[in-house]
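# Close look at the chain arrangement
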Amino acid sequence: MKALRRYLDKIKPNFEKGGRFQKLQSTFDAFETFLFVPNKVTKHGAHIRDSIDLKRTMSFVIMALVPALLFGIWNTGYQHFLSQGTDASFWETIWFGIVKVLPIVIVAYVTGLGVEFIFAQVRHHEVNEGFLVSGMLIPLVMPPDVPLWMVAVSTIFAVIIGKEVFGGTGMNILNPALLARAFLFFAYPAEMSGDKVWIAEKADAFSGATPLAEAAAGHMDKVPDAWSMFIGTIPGSIGETSTLAILLGGIFLIATGIGSWRIMLSVFTGGLAMGFLLNATAVTPYMEIPPYYHLIMGGFAFGAVFMATDPVTAAQTSMGKYIYGFLIGIFAVIIRVFNPAYPEGMMLSILLMNVFAPLIDHYVVQANIRRRLNRIKIKKA
Amino acid sequence: MSNKEPLFSAKNLKLLSGPLNLNNPVTVQVLGVCSALAVTVQLKPAVVMAISVIVVTAFSNLVISLLRNTIPNRIRIIVQLVVIAALVILVDQILKAFVYDVSKQLSVFVGLIITNCILMGRLEAFAMANKPWQSFVDGIGNGLGYGAILVIVSFFRELLGSGTIWGYQIIEKTGLYDLGYSNNGMFILPPMALIIIGVIIWIQRSRKRELIEKS
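All of the points below concern the structure found in this document. Just so it is clear, the model here is predicted, and its values are computed rather than measured. (Residues numbered from 1 in each chain as written. Chains lettered and ligands numbered in written order. Predicted model: local features only at pLDDT ≥ 70, side-chain atom pairs only at ≥ 80, totals over all residues. Heavy atoms only, no water.)

### Details of the overall build of chain A
On a plain count of helices and strands, chain A comes out with 16 helices and 0 strands. In terms of overall dimensions, chain A is globule-like: its C-alpha atoms have a radius of gyration of 23 Å, near the 21 Å expected for 381 residues. In terms of overall dimensions, chain A has a C-alpha envelope of 75 × 70 × 35 Å along the principal axes. In chain A, buried positions account for 50% of the 381 residues. For chain A, long-range pairs separated by at least 24 residues make up 70% of all intrachain contacts whose partners lie at least 6 apart in sequence. (Helix = DSSP H or I, 4+ residues; strand = E, 2+ residues; numbered from the N terminus. Rg over C-alpha atoms; globule rule 2.2 N^0.38 Å. Buried < 20%, exposed > 50% of the residue type's maximum accessible area, 1.4 Å probe, protein only. Contact = heavy atoms within 4.5 Å.)

### Here's the deal with the interface of chain A and chain B
Accessible area lost on assembly of the parts is the figure often given for the size of an interface. Contacts between chain A and chain B engage 13 residues on the former and 12 residues on the latter. Surface buried jointly by chain A and chain B totals about 900 Å² across both partners, of which 73% is contributed by carbon and sulfur atoms. Looking at the side of chain A facing chain B, the largest losses of area belong to W149(A), F186(A) and Y188(A), adding up to 39% of the total buried there. The tally of links between chain A and chain B comes to 0 salt bridges. Counting the contacts that link chain A with chain B gives 2 residue pairs in polar contact (both at pLDDT 80 or more). Among the elements of the structure, helix 4 (90-123), helix 6 (148-163) and helix 7 (176-187) of chain A are those that each provide at least two residues to the side of chain A that touches chain B. Considering every element that reaches the side of chain A that touches chain B, the biggest residue donor is helix 6 of chain A, with 5 residues. When grouped by side-chain class, the residues that make up the side of chain A that touches chain B number 11 nonpolar, no polar and 2 charged. (Buried area = accessible area lost by both parts, 1.4 Å probe. Salt bridge = Lys/Arg side-chain N within 4 Å of Asp/Glu carboxyl O. Polar contact = N/O pair within 3.5 Å; in protein donor to acceptor, adjacent residues only side chain to side chain. Nonpolar A, V, L, I, M, F, W, Y, C, P; charged D, E, K, R; others polar.)

### Quick look at the environment of A50(B)
Residue and element names in this part refer to chain B. Along the polypeptide, A50 turns up in helix 3 (residues 43-67). Owing to a relative accessible area of 6%, A50 belongs among the buried residues under this scheme. Placed 48 residues apart in sequence, A50 and F98 show a C-alpha to C-alpha distance of 16 Å. Apart from the residues within four sequence positions on either side, A50 is in contact with G147 and L150.

### Here's the deal with the packing of helix 1 (residues 10-17) of chain B against helix 8 (residues 132-162) of chain B
To describe two helices that pack against each other, one gives the angle between their axes and the distance between the axes. Residue and element names in this part refer to chain B. Relative orientation of the contacting elements helix 1 and helix 8 amounts to 30 degrees, with a least axis distance of 7 Å. By the angle between their directions, the pair helix 1 and helix 8 is classed as roughly parallel. Contacts between helix 1 and helix 8 involve N12, L15 and L16 on the former and, on the latter, W133, Q134, V137, D138, I140 and G141. Grouping the amino acids of the contact of helix 1 with helix 8 by side-chain chemistry returns 5 nonpolar, 3 polar and 1 charged. (Axes fitted to C-alpha atoms, helices over the stretch in contact; angles between N-to-C directions. Parallel < 35°, antiparallel > 145°, perpendicular 65-115°, else oblique.)

### Regarding the pattern of salt bridges
Close approach of charged atoms allows side chains of opposite charge to pair. For the coordinates displayed, the defined rule picks out 6 salt bridges over all chains. Between E116(A) and K163(A) there is a salt bridge, and its shortest N-O distance comes to 2.8 Å. In this pair, E116(A) is assigned in helix 4 and K163(A) in helix 6, connecting sequence segments 47 residues apart. Classification of E116(A) by relative accessible area gives buried; the value is 3%. Among the salt bridges present, the one from K96(B) reaches D92(B), with a minimum N-O distance of 3.6 Å. Residue K96(B) and its partner D92(B) are both found in helix 4 (residues 76-98); the two are separated by 4 residues, about one turn of the helix.

Here it is as structure tokens:
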């Protein structure tokens, strides 16, 4: 560690103003702060500073994603061997999953960070850490069998159109990881839907449809039982299948105060409420499923815990968070049940509410102002 | 028209080149975006649409400019509309007669040239106050500016969305499909046209700093 520090100090002048690699300053800065806690001191005015900066926040989210990632790796292998009908040991399963999942993770990080670095150099600002989490979320919402170049294309699209055009990290309207998935969904529907893509190198005879697709097609008998959907031994996107692993991450996020429990709670409540409503007025087989099935099927839990809580694109006010989350849950279930063309309503629902989040905040703030003004008036009267 | 000024003076040429760049009707004035989204799925209809709009803007500008001193101010809009509508119907009939298949593809959008904001904008802002020749040149310039964007957008949409250029299977010839490449369905959908126009605006503004508004 000390040797590394010495080396960085030695090459640092090259990257400062007037140095040889002045243009690459932001690249150097990114690596330095990635390796060591930055020693910058605020020089003007009074600021309350916390030792937790953007980089540490992002690392906590990455840690919260680890259970989902590990389970995803195992499940990729498990589903593959299940479809082939061969028995495989635990380590063979894990190994197959790693071979399938790791390239997707690497491609997402390399292309996404590449775009970020290029933009940082051109605009002469620091490389933001925002992509550390997006780069992990993108692989987790991809099908295991997705071609790698499609991951690259959708990542580039999401980072440029979803983030950089608005001014970079913290300025984006839509969640970049979800945008990548939405892009893939609309651009290459053959690789993103149907029953071919959810199991890596699937045997042809084996049905690989996700529970959502089975439900949307009306095959209620083929929807797996609740327990296996909760544990996650079902086909689906890499990180989304196991509600259990996602909940572990969610508890970690709430305990460290990084993820908003208000949003998570209200998304689940919204989904459950809509589920009850549909269940009570059931006219199609899909509407008859128990309400809690909606929470453990598909990407609902993953979206609620990791996507909806994105602090940049979510509502900022406490009241706004409840409204935002509740509507996400409601719309996700509505889209799933009533639109067979889009089996995964969670993605579209969160993107939709991302757009409305500033509006919700605006009205919450305005309502608060009005309430306080009224209080003054009453006192005066 | 003053006899001293040559037909292609620097000022008149500027009327032609301005709309292509610094005063582009689509990317700077943000007019006519609706049809730019609708007719740009393939190159061929986009080119036909562009030519139609050039013809209509040029001749409606010319006619209105000729009439500009006799049109009563209070009914000028309706007169302008009559001129535009007559020209559009003419263009529509010609398209139906000579390029029927493209005219089918364009469907209502030829008729909707009547409501294209670029036309009304040019008539109100330019033809009503300028001489016939200048107005004619201005009409061609604005039509070209609109058409250029249409062609750029439809080029990318057709190439990436359908893998063809002018209906010619270009991607298939390069053998990319065998390597696992597939067409991007997003480019067929209208949102992608909006995104491409946005990217064009982005590139244009980062090259021409004077276009960026002071905030």
